[in-house]
Amino acid sequence: MAVLKRIAVALVTLFFVTTLTFFVVRNTPGDALQVWALEIVQTYGISMEDAMKQVRAMYGYDPDEPVLSQYIRYVKGLARGNLGTSILYKSSVNEIVFQALPWTVFILSTSLVLSFSIGALLGMAIAWKRKTVLDPIITGYAAITGATPDYITALILLIIFAINLKWFPLKGAYDPAVKPGFTWEFIKSVLYHGVLPIAAYTFENTAAWALAMKGSAVSVLGEDYIMAAWARGLKERRIMTRYMGRNAMLPLVTGLAIAFGSMMGGSVLIETIFNYPGIGWFFNQAVARRDYGLMQGLFFLTAAAVILANLIADLLYTRLDPRIRLEE
Amino acid sequence: MTVASIRAESRWRTWYATFLILYRNKRAFVGFLILLAFLLMAIVGPYLVPLDMSARYAERYLPPSWEHPLGTDFVGRDTFALIVHGSRDVLSIAFLAALFTVGIALAVGMVAGLQGGLVDAVLMLLTNTVLTIPKFPVMLVFATVFRVKDPFSLALILSVWAWGGLARAVRSQILSLKEREFIEAARVMGLGLPHIVVRELLPNIMPYVAINFLYIMKDAITASVGLMFLGIIPFSATNWGMMLNLATQQSGAIYIPQGLYYALAPMVAIILFQLGALFFAHGLDEVLNPRLRS
Amino acid sequence: MKPLLRVRDLVVEFHLDRGTLRAVNRVSLDVYPGEIMAIVGESGSGKSTLAFALLNLVPPPGRIVEGQVSFNGTDVLALRGDALRQYRWREVAMVFQAAQNVLNPVMRVVDHFLDTARDHGLTNEGEVLAWAEELLRMVRLEPARVFSAYPHELSGGMRQRVVIALSLLLKPRMVILDEPTTALDVVTQAYIMDILNEIRREMNLTMLLLTHDMSVVAKIADRVGVMYAGQVMEIADVDSIFYRPRHPYTVGLIHAAPSLLGDLDRKQPIPGSPPDLINPPPGCPFRPRCGYASARCEEDPGLHVIADGHWVACHHWEQVTHHAPVS
């Protein structure tokens, strides 16, 4: 029941966001289409009127169609998995997503796993040892990353490691000279190109995880079952992982989805800075060239991904915490 | 104790607390000084540091000197003057955005908390949506579609998806305040809802809102500079985000060693301001939330 | 007979912002093999801290400052590392207060047994499970149902019986029971006390029972130590404590317990409240609440023998009579 309710809320949220963007964006595709039509006029020498007709047909936009029917058509399209058409690339948004999404997923998931695990370990270590030099270092590190927007971190990494030291490439997800495939060379190239974006996200987020974990772990350490575990003569390592770690981790699980959302939102800037051809990079292209179709499609995708992430985190949480499971 | 005396005491306590933080908490004091410096820079700076926007190619990318404390940009303009004049732009946008955000958050949170029932449920669903969907893409879409041309509309766009967290917090504070004696007393005395809201509830959540005002300003700067960096809202050449955009995308200053001073100046300015806001707000938090004190 | 547990002049302090709190103040006592020794005292009397100190497990900011704890000839306070780990639970196990959440909320009950066994070198899982099942049956729980349950799925009484079974897993020589029934309802309390008594007889266990409840003491204990403000006030066998108490505080405790005299109207709570344990004045800590108090009491009376196995820390023990009203 609780699961169904959560899925329903997720769907309502998605529906709400979709509707909002439809009405916000649908206001103004006119002039972008005009630019496209002009291009056709210039290339093929047909009349502007014919070009407009052609463009509208391709884009699926009829200014005389009532807004409601446009909206219903749009939602139906989405329901069938059709994300729309890109004016800029003159292709379906699905195709663009198909080639861009894997890169974004690769960067975000790697960064999330890295920053979460490093941060959680650091946080646990600080909480466990109480007074270590690590504590003020992490606090200072957290203040710095808290004050530095992720895109500035990315810019600084780019300036140092790509432009000046030339250790890492300035753009791309892999070396175009390498043929994509399941070869060691290609994987190496992908990892090499992914280092800076991953480093930017990881550097930016690790301290926050460490502080969150520290707070959670300190409160868990005050619980009776930790004292009881010591009294039972359990090994230190087991108490740290199974008793403190496992319990301290629980409240952070929902934070994972929030972090994923903000990283996904930041990808527009990060991927643009590193010229990394993921969803964010295409989003920026759509925005810069006012390609509303692409923008709408990518926004829907972003929203859907984040809502899905939240749903997964919610369900994961109920899996991990037996106390929640009972309340269902 | 009368309602009035409790109120007076809580107001007095707020001032006293603010004083205490500055006195006791070194980090908060440093934050306060940084914020004060930026505030002075934004208010009186432009009168003291003249800005000459004309291009002098012979003087491009000069290193720092007495004449140009932060060097010059890609067409020979004084970077320091750009930063000073930009600060007014950046801070006023962030201030306006925080004002709008806090306004929306207070309205939503208080209505939800006071009304309860269906209104509360709907508002909280909306709040959850705002919290779930990352705000930067939303702002990006709004900024693209509505073609922002002035600080006011930019501030609106920055606040339209930024109020979720504060609204939720205000709601829960209202819910707990509602149970407290002095609110009950005011109600028994027949004081109307406007009175209770303005004279009893607002003063009690104000310290909390003030802290969040700083956090929201900080986020608004991150977002507005980010939007400008992408080049979507090019209405001011001196805005730090615009400087970043020019340094990285347009002029290529980051690709040459001489351009580094120019490229780094807006980044350092942003980081410093954010650090000041964080330190000060965190100090306030520590004093007003006994939970955090240790 | 040689005592199994020998405590001498044990001092445990907590260093707090307000000052130093002496939770356990020069406590000396012996526990003999096979007996049930009860330590009675109000909450805050230092019983729980004493229990943790016996396991050499005082949580910071607390510290064992001085004194000796020897168990079966081993100097417990000198134990470190694995030796200390093995001493805990293998030699002395503990049943925590029923109100505490002693079991890890994200672990099934069975894993608590397995974890404990594993870290004490018992690798034969089958044997461990079989023994754990027997223990659960001994505390009248159904192993099949309880094993796979999470702690929150059990009632308070069931949880406490699980904790008792868990304490017996490594067949310790001694079990410390810290308010084992306090948070439970009266029926469950009686039930659990019966189970404990039975187990003690079957397994020939030594038990140290910490409680504030004189009726529990009367029912189950062989010998009794009375604690107040971190100090031992009186130690004697259970009959002497109830029929020939020699400390005014002991008398007060007996009169404060209703069911003992069977007459609710005669229940007399001890007036006043326990002293602040931070920087207390010298002398007898009970003095401000005591009807016998005199100028002499500003001098520490110290625990001294007044009869075979009967120790009292009072200058006026000879005047104290059973029915004397307190103050």
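Note that the coordinates shown come from a computational prediction; the quantities given were computed from them, not determined experimentally.

Draft legend 1. Fine view of the interface of chain C and chain A. If you look at the interface, chain C gives 27 residues, while chain A gives 22 residues. When the two sides are added together, the surface that chain C and chain A hide from each other amounts to roughly 2,400 Å², 58% of it contributed by carbon and sulfur. When residues of chain C are sorted by the area they lose upon contact with chain A, Val106, Asp119 and His152 of chain C head the list and together hold 24% of the total. Scanning the region where chain C abuts chain A turns up three salt bridges. The residue Asp115 of chain C makes a salt bridge to Arg242 of chain A at a minimum N-O spacing of 3.2 Å. Where chain C meets chain A, there are 14 residue pairs in polar contact (both at pLDDT 80 or more).

Draft legend 2. View of helix H1 (residues 2–26) of chain A. With 25 residues, H1 of chain A ought to run about 36 Å at 1.5 Å a step, and its terminal C-alpha atoms sit 36 Å apart, in line with that. Ala10, Thr13, Leu14, Val17, Thr18, Thr19, Thr21, Phe22, Val24, Val25 and Arg26 of chain A are the residues of H1 of chain A that are buried.

Draft legend 3. Seen up close, the side chain of Arg223 of chain C. Residues and elements named next belong to chain C. Within the fold, Arg223 resides in strand E9 (residues 223–228). Within the structure, the side chain of Arg223 is placed 2.5 Å from the backbone oxygen of Asp30, a separation counted as a polar contact. Polar contacts involving the side chain of Arg223 include one to the side chain of Glu35, which spans 3.0 Å. Ignoring anything within four residues of it in the chain, the contact list for Arg223 reads Asp30, Val31, Tyr32, Glu35, Ile36, Met37, Ala38, Ile235, Ala236, Asp237 and Val238.

Draft legend 4. Geometry of the pairing of strand E1 (residues 5–16) of chain C. Residues and elements named next belong to chain C. Here nine bridges tie E1 to strand E2 (residues 19–31), and the two strands are oriented antiparallel to one another. Bridge pairing links Arg6 to Asp30 in E2. Between E1 and the antiparallel strand that follows it, E2, lie two residues. Bridging between E1 and strand E4 (residues 62–71) involves eight bridges; their strand directions are antiparallel.

Draft legend 5. Focus on the interface of chain B and chain A. Taken residue by residue, the interface counts 39 residues in chain B and 44 residues in chain A. Where chain B abuts chain A, roughly 3,500 Å² becomes buried across the two surfaces, and 81% of that area is made up of carbon and sulfur atoms. Viewed at the interface, chain A and chain B are joined by zero salt bridges. Linking chain B with chain A are four residue pairs in polar contact (both at pLDDT 80 or more). Breaking the side of chain B that touches chain A down by element, the ones donating at least two residues are helix H5 (117–132), helix H6 (135–146), helix H10 (193–229), helix H11 (240–250) and helix H12 (260–288) of chain B. The element that contributes the greatest number of residues to the side of chain B that touches chain A is H6 of chain B, accounting for nine residues. Tallied by class, the residues present in the side of chain B that touches chain A amount to 28 nonpolar, eight polar and three charged.

Draft legend 6. Region of the structure containing unusual backbone geometry. Residues and elements named next belong to chain C. With an omega of 10°, the peptide bond between Pro60 and Pro61 qualifies as cis. Note on placement: Pro61 falls in the loop between helix H1 (47–54) and E4. Non-glycine residue Arg26 carries a positive phi angle of around 50°. Note on placement: Arg26 falls in strand E2. For Arg140, which is not glycine, the phi torsion reads 60° and is therefore positive. Counting through the fold element by element, Arg140 comes out in the loop between helix H4 (125–138) and helix H5 (143–147). Owing to a relative accessible area of 36%, Arg140 belongs among the partly exposed residues under this scheme.

Here is what the cut-offs are and how they apply
Residues numbered from 1 in each chain as written. Chains lettered and ligands numbered in written order. Predicted model: local features only at pLDDT ≥ 70, side-chain atom pairs only at ≥ 80, totals over all residues. Heavy atoms only, no water. Contact = heavy atoms within 4.5 Å. Buried area = accessible area lost by both parts, 1.4 Å probe. Salt bridge = Lys/Arg side-chain N within 4 Å of Asp/Glu carboxyl O. Polar contact = N/O pair within 3.5 Å; in protein donor to acceptor, adjacent residues only side chain to side chain. Helix = DSSP H or I, 4+ residues; strand = E, 2+ residues; numbered from the N terminus. Expected span 1.5 Å × (residues − 1). Buried < 20%, exposed > 50% of the residue type's maximum accessible area, 1.4 Å probe, protein only. Pairing = 2+ DSSP bridges. Nonpolar A, V, L, I, M, F, W, Y, C, P; charged D, E, K, R; others polar.

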